Every structure is written in C-alpha cells, then in structure tokens.
Amino acid sequence: MTDWLFALVSEWGAIALGLVTFLSCLALPVPSSLMMLTAGAFAASGDLELATLALAALGGAVLGDQMGYQLGRVGLGAIEGWLSQSETRAAILLRARASIHARGGMAVFLSRWLFSPLGPYVNFLAGGSHMAWLVFTLSSIAGEIVWVGVYVGLGYAAGGQLAQVASLLGNVTGLATSLLLTIGLGVALWRRRRAQAAAE
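Quick caveat, the model's predicted, so the values are computed rather than measured. (Residues numbered from 1 in each chain as written. Predicted model: local features only at pLDDT ≥ 70, side-chain atom pairs only at ≥ 80, totals over all residues. Heavy atoms only, no water.)

### Focus on unusual backbone geometry
Step number 1: Notably, A27 is not glycine yet its phi reads approximately 70 degrees, a positive angle.
Step number 2: Counting through the fold element by element, A27 comes out in the loop between α2 (14-24) and α3 (32-44). (Helix = DSSP H or I, 4+ residues; strand = E, 2+ residues; numbered from the N terminus.)

Right under this line is the structure:
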C-alpha cells in the first residue's frame, strides 16, 4: 500500500492530497493521514512544495467538514440509517454523539486530530443537531490546522523513517480513541449508578 501511496502523491501531488482529506471527512475509508505523511516526506526530499501540500490538505479537510455538516443538517436521519448498518460505524456514531453533547465546539476541535476516527460522524451530528455554524467552522478549522500540521510536519521531519512514524501515530490515535471510549463508558456507568441510588 505504501508504494501505491508514494506513486499517487508523486504523480498528483497536492490535488490527490486535497481530494483524499476531503473524502476522509465524509467517513469514506481513505488513507488520509498516511498520505499526508507521504506528502511531507516528498516535500523533505524536495520533490514537492511543503506549503502547497499543507494548504491543499487543509483546504480539502475544511471543505469536507463543511460538506459533512451540511449533509447532517439536511439529512441526518438517512445518514444515521446508512452508518448504523455497520456495527463498527454505529459504535463510532454513538461515541461521536456523546462527545458532541458533552463538549460542543471542543468536541469538533478534538475530533479533527486527537480522536480523528470520530471526526466525520461529529460533522454529521453537528449539522443534524443544529450546532451554530460559526462555532463548528472555527473549531473545525483550528482542529484541521493541528491535524495537517502534525501529519505533514512529521512526514517532512521523518523523511526515510516514514513506516515507523506511521505505525507510531496509528497506535497513538487508537489508544486515544480507546481512552475516550473508556472514559465515556465510565461516566455513563457512574451517572446510572447515581440515578439508581437517588431512586432508592
């Protein structure tokens, strides 16, 4: 897969990167983070321009967030039906819903980079729950700047050590998402126990 990504980034550069980050924000399974790392490595070797790649990745991500927000605004019910057909997507959707209700704009910001698997679902739910567009947009842009900066920047810094950096970042993201789920379940259990104690 790495060879294919290298070829895609080498041939299409910023266009491919912008398209992939756009699609990733709509819950389509594309290797956006790995492509940003790859693009950063190409920039480090002088084959592509770093600023152009970063702006393309950021532009694609922000446009994808906006599209997800608008889709959620006009058709959340249909989107939820489609997402719920898969147990994995349904579980992520539930986590995203809990995150948005608990943290609002901060949930949008954190789901761009720290809990990135939740990002597309947070977009749909933010639109469907009529979160203020300006709050969503500012939080989204701030989070995407961090996401793009981290991945393209690490790819640039890593150069030849791309595979090791990609593996490390995958483990960190998985750990952060698992931690969020554990905390969410813990809070839900604590509230449930408290409600039961109050009812007795």
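### Notes on a nonpolar patch on the surface
Step number 1: On the surface, W133, L134 and L138 cluster together to form a nonpolar patch covering roughly 340 Å² of accessible area.
Step number 2: Looking at the secondary structure, you find W133 in helix α8 (residues 133-158).
Step number 3: Here W133 falls in the partly exposed class, since its relative accessible area comes to 45%. (Patch = residues over 30% accessible without salt bridge, like charges linked within 9 Å, V, L, I, M, F, W, Y side chains within 5 Å. Areas by Shrake-Rupley, 256 points an atom, 1.4 Å probe, with all protein chains shown as cover. Salt bridge = Lys/Arg side-chain N within 4 Å of Asp/Glu carboxyl O. Buried < 20%, exposed > 50% of the residue type's maximum accessible area, 1.4 Å probe, protein only.)

### Overview of helix α6 (residues 105-113)
Helical periodicity: at 3.6 residues per turn, an α-helix aligns residues three or four positions apart in one direction.
Step number 1: Regarding α6, the residues found buried are G105, A107, V108, L110, S111 and R112.
Step number 2: Buried-residue contacts for α6 involve α4 (50-83), α5 (87-103), α7 (119-128) and α8. (Contact = heavy atoms within 4.5 Å.)

### Some remarks on the pattern of salt bridges
Step number 1: Taken as a whole, this structure holds 1 salt bridge when the rule is applied.
Step number 2: With a shortest N-O distance of 2.8 Å, D65 and R112 are connected by a salt bridge. On the criterion of sequence distance, the pair formed by D65 in helix α4 and R112 in helix α6 is long-range, its members being 47 residues apart. Neither D65 nor R112 differs from the other in exposure class; each is buried.

### With respect to the packing of α2 against α3
Step number 1: Across the interface, α2 lies against α3 with an axial gap of 9 Å and an inter-helix angle of 155 degrees. Here α2 is positioned roughly antiparallel relative to α3, judged by the angle of their axes. Crossing handedness for the pair α2 and α3: left-handed. Across the interface between the two elements, A16, L17, V20, T21 and S24 of α2 pack against S32, M35, M36 and A39 of α3.
Step number 2: Across the contact of α2 with α3, the residue classes break down as 6 nonpolar, 3 polar and no charged. (Axes fitted to C-alpha atoms, helices over the stretch in contact; angles between N-to-C directions. Parallel < 35°, antiparallel > 145°, perpendicular 65-115°, else oblique. Left-handed = near helix turned anticlockwise from the far one by under 90°. Nonpolar A, V, L, I, M, F, W, Y, C, P; charged D, E, K, R; others polar.)

### Let's talk about the packing of aromatic side chains
Step number 1: Scanning the entire structure with this criterion turns up 3 aromatic pairs.
Step number 2: Ring geometry for Y69 against F136: centres 4.6 Å apart, planes inclined by 25 degrees, an arrangement best described as stacked. One end of the pair, Y69, is in helix α4; the other, F136, is in helix α8, with 67 residues separating them in the sequence. Of the two residues, Y69 and F136, both sit in the buried class. (Phe/Tyr/Trp six-rings, centres within 6.5 Å; stacked < 30°, edge-to-face > 60°.)

### Looking at the nonpolar core
For soluble globular proteins, the rule of thumb is that nonpolar side chains tend to be buried together.
Step number 1: Counting 21 residues, the largest nonpolar core has I100 and Y121 as its most contacted members.
Step number 2: Contributions of two or more residues to this core are made by α4, α5, α6 and α7.
Step number 3: Counting residues per element, this core draws most heavily on α7, which supplies 5 residues.
Step number 4: In this view, Y121 contacts A27, L83, R89, I92, L93 and A96; residues no more than four positions away in its chain are not counted.
Step number 5: Membership of the second largest hydrophobic core comes to 20 residues, among which are A16, A39, A57 and V152. (Core = buried A, V, L, I, M, F, W, Y, C linked by side-chain atoms within 4.5 Å.)

### Some words on the packing of α4 against α7
Step number 1: Viewed as axis vectors pointing N to C, α4 and α7 meet at an angle of 85 degrees, and their least axial separation amounts to 6 Å. Between α4 and α7, the interaxial angle falls into the category roughly perpendicular. Side by side, α4 and α7 meet where G64, D65, G68, Y69, L71, G72, R73, L76, I79, E80 and L83 of the first sit next to Y121, N123, F124, L125, A126, G127 and G128 of the second.
Step number 2: Along the lines of polarity and charge, the residues of the contact of α4 with α7 split into 9 nonpolar, 6 polar and 3 charged.

### Here we look at the environment of S33
Step number 1: Secondary-structure assignment places S33 in helix α3.
Step number 2: In this structure S33 comes out as buried when scored by relative accessible area, which is 19%.
Step number 3: Between the C-alpha atoms of S33 and V148, which are 115 residues apart in sequence, the distance is 8.4 Å.
Step number 4: Leave out the neighbours within four places in its chain, and S33 touches W147 and Y151.

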